[in-house]
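Structural description and commentary
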Amino acid sequence: MQPVLSIQGISKSYGRIQALNQVSFDVPAGCVFGILGPNGSGKTTLLSILLDILRADAGTYRWFGEPGSPASRQKIGSLLETPNFYHYLSAVDNLNITQAISGRGTPADIDQVLEIVKLSARKKSKFSTYSLGMKQRLAIAGALLGNPDVLLLDEPTNGLDPVGIAEIRELIKQLAREGKTIIMASHLLDEVEKVCTHVAILKKGTLLTAGPVDEVLSNEDIVELSASNTDQLGQILSAFAGPSHIKRDGDLFELFYPVGTARLDEINKTCFEKGVALNRLLLKKKSLEAKFFELTND
């Protein structure tokens, strides 16, 4: 199936600062795609290029199989900054202004998008009376005008309390179930893990990895073991078929297995049969936080 978005070799510099360096990945149709990375990793710059707000120094991108154009832009709703509405106007009045300026959709769409983001009961309330979560949902309602195929969201839960975060996460999941492709930038691993189906990880403008979340951010079983005869233990472990890789730190060995596949009894039995008595044998689960830290830190 043709990807909704295909990015090839996008680069962007601000003077001596390389904001993006040869970034390439595809976004499948119907997915929730997270662009994950620490602050300053180039996420907002990339989204701005994809929306024609900034111009890339090099590289190309294609929406729906075609170069970016005003026609393709009409199929994309976006939220790149803090909601910018008039505090003294109601939700309906603010969305009427958004619709008139953007030209996306019609005034008749406003009640529908307010229903989607669950603000119909407060549609005549002033924006100033809204909670932060409600303000963010209203901004997403503005992005939904014209029924776009794709939503681009930059840090959609930034600054929200736990209730607001939960509301936005559920809204994103709902929109995905209805068939929209959602591309969201975030510096929060937990947000991407709970909401996204695919992820690209950026660090200082460089793409580290991209793919399905359960592959890129997969947990691992780590088995720590040691014995008095370190060299003999190392020889035995080098012949093991199960671990994906083995690390040694002094007298301590670490065996890395796909999650749920490490068998301590089998490891202990094999070592004992080959004449090595283990004095340490411990199973640890590698957290997603540890995986993310490993990917994004030097």
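That block above? That's the structure.
Report follows, based on the coordinates. Per chain, residue numbering runs from 1 following the sequence as it is written. Totals for whole chains, interfaces and linings use all residues, but because this is a predicted model, local features are given only for residues with pLDDT of at least 70 and pairs of side-chain atoms are given and counted only at 80 or more. Only heavy atoms go into the side-chain values, all of them from the structure, while hydrogens and water stay out.

**Examining the packing of helix H3 (residues 91-102) against helix H4 (residues 109-116)**
Running from amino to carboxyl end, H3 crosses H4 at an angle of 120°, the nearest separation of the two axes being 10 Å. Taken together, the axes of H3 and H4 are oblique relative to one another. Classified by chirality, the crossing of H4 by H3 is right-handed. Across from Ala91, Val92, Leu95 and Asn96 in H3, the residues of H4 making contact are Ile110, Val113 and Leu114. Between the N-to-C directions of two axes lies an angle of 0 to 180 degrees, each axis being a line fitted to C-alpha atoms and, for a helix, fitted only over the stretch in contact. Every helix listed is a DSSP run of H or I at least four residues long, and every strand listed is a run of E at least two residues long, numbered separately from the N terminus. In what follows, roughly perpendicular refers to angles from 65 to 115 degrees, roughly parallel to angles under 35, roughly antiparallel to angles over 145, and oblique to any angle outside these ranges. Note: crossing handedness is left-handed where the near helix turns anticlockwise from the far helix by less than a right angle, and right-handed where it turns clockwise. Whether two residues are in contact is decided by their heavy atoms: any pair within 4.5 Å suffices.

**Some points on the layout of surface pockets**
One number sums up the size of the largest pocket: a volume of about 680 Å³. Grid spacing is 1 Å over the protein atoms alone, the probe is 1.4 Å, and a cavity is where that probe fits but cannot get out, while a pocket is an open set with protein on both sides within 12 Å along at least five of seven lines and lining residues have an atom within 4 Å of a point. If you trace the largest pocket, you find 25 residues lining it, with Ser78, Leu79, Leu80, Asn84 and Thr98 closest to the centre. Among the elements of the structure, helix H1 (43-50), strand E6 (76-79), H3 and helix H5 (132-144) are those that each provide at least two residues to the lining of the largest pocket. Looking at the lining of the largest pocket, the element that brings in the most residues is H3, giving 5 residues. Just so you know the grouping, Ala, Val, Leu, Ile, Met, Phe, Trp, Tyr, Cys and Pro go in nonpolar, Asp, Glu, Lys and Arg go in charged, and all remaining residues, Gly too, go in polar. Its residues assigned to classes, the lining of the largest pocket shows 12 nonpolar, 10 polar and 3 charged. Grid points are joined across faces, edges and corners, and a volume is the space filled by probe spheres set on the points. Here the second largest pocket is characterised by a volume of approximately 240 Å³. Glu81, Thr82, Pro83, Gln136 and Asn158 are, among the 14 residues lining the second largest pocket, the residues nearest its centre. Looking at which element gives the most residues to the lining of the second largest pocket, the answer is H5, with 3 residues. Residues that form the lining of the second largest pocket fall into these classes: 5 nonpolar, 5 polar and 4 charged.

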